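# Structure assessment
Single-letter residue listing:
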Amino acid sequence: MELQTTHVQEAGNPISAPDKLRKLHQSGHYEIRLRLAENEASPPDLLRKLSKDSDPEVRASVANNPSTTHNTLKSLSIDTHDDVRFSMASNPHVPLGILRNFSQDHNPYVSDRAQKTIDGLALELDLEQQGFVSLPGNHARLGDLLVVSGLISEKEIDVAVVLALNARIPLGRALVQAGRINRSVIVHALKQQTLVRLGQISFEMAVESISDYNRRRQNLR
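Description of the structure in this document. (Residues numbered from 1 in each chain as written. Predicted model: local features only at pLDDT ≥ 70, side-chain atom pairs only at ≥ 80, totals over all residues. Heavy atoms only, no water.)

## Structural notes on the packing of helix α2 (residues 18-25) against helix α3 (residues 30-38)
Packed helices, taken two at a time, are described by their axes: the angle between them and the distance between them. At a minimum axis separation of 9 Å, α2 and α3 run at an interaxial angle of 145°. Helix-helix and strand crossings are classified by hand; for α2 and α3 the assignment is left-handed. Packed against α2, whose contacting residues are Leu21, Leu24 and His25, the element α3 presents Ile32, Arg33 and Leu36 at the interface. Of the residues contributing to the contact of α2 with α3, the split by class is four nonpolar, one polar and one charged. (Axes fitted to C-alpha atoms, helices over the stretch in contact; angles between N-to-C directions. Helix = DSSP H or I, 4+ residues; strand = E, 2+ residues; numbered from the N terminus. Left-handed = near helix turned anticlockwise from the far one by under 90°. Contact = heavy atoms within 4.5 Å. Nonpolar A, V, L, I, M, F, W, Y, C, P; charged D, E, K, R; others polar.)

Written as structure tokens, this is what we have:
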């Protein structure tokens, strides 16, 4: 039992060597297969094998792994299991064409998740088209601005931070993808953050501007 536990830990270790991970896969143990499917260090050929695993939870983990290649994701996109498609619809690294197909999925949870992920991608495009460049710094953090503005709770921010770290995406995009905040509000908040960091407005002024913008947007619905 102790040896098996060690193997499970090695299967999920992000610094395990590819050959070691391939060898672990030969054991056939479910927990090992699942950890390998989640591990970003798993080589592409191993993830491709795991994408054909008999267990949908393993396939779903491959579908949400940032290291999974586009070819493997494409083959997974026709998976009939709802959990696998939902996992893919949550993955911001899935090609946009596949996400658009999922946004029309017969399962409403899958289609809704895919649309939220597309919205997250659209946020990055909006910022790029506007030539927006975020200024580095710890002052006027996005999460603090949104919490003080009353748009979201600290607990929700904590959850979004974990999502952002796991998916390796900015916090604003994680919030949009999770369906917590409209992307236009995030764009406005990021602009206010920049103004604060440039010393052009105060933190309090930024909070007031964000609150007002969100209120006006809701009144237009």
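## Considering the environment of Leu125
Positionally, Leu125 belongs in helix α9 (residues 108-129). Sequence separation of Leu125 and Gly179 is 54 residues, and the distance between their C-alpha atoms is 17 Å.

## Here's the deal with the pattern of salt bridges
For side chains bearing opposite charge, pairing can occur when the charged atoms are close. Applying the stated criterion across every chain, the model contains 16 salt bridges. Lys116 serves as the salt-bridge partner of Asp112, at 2.6 Å between the closest nitrogen and oxygen. Placement of both Asp112 and Lys116 in helix α9 is noted, with a separation of four residues, approximately one turn of the helix. Bridged by salt links that share partners, the residues Asp19, Arg22 and Asp45 form one connected network. (Salt bridge = Lys/Arg side-chain N within 4 Å of Asp/Glu carboxyl O.)

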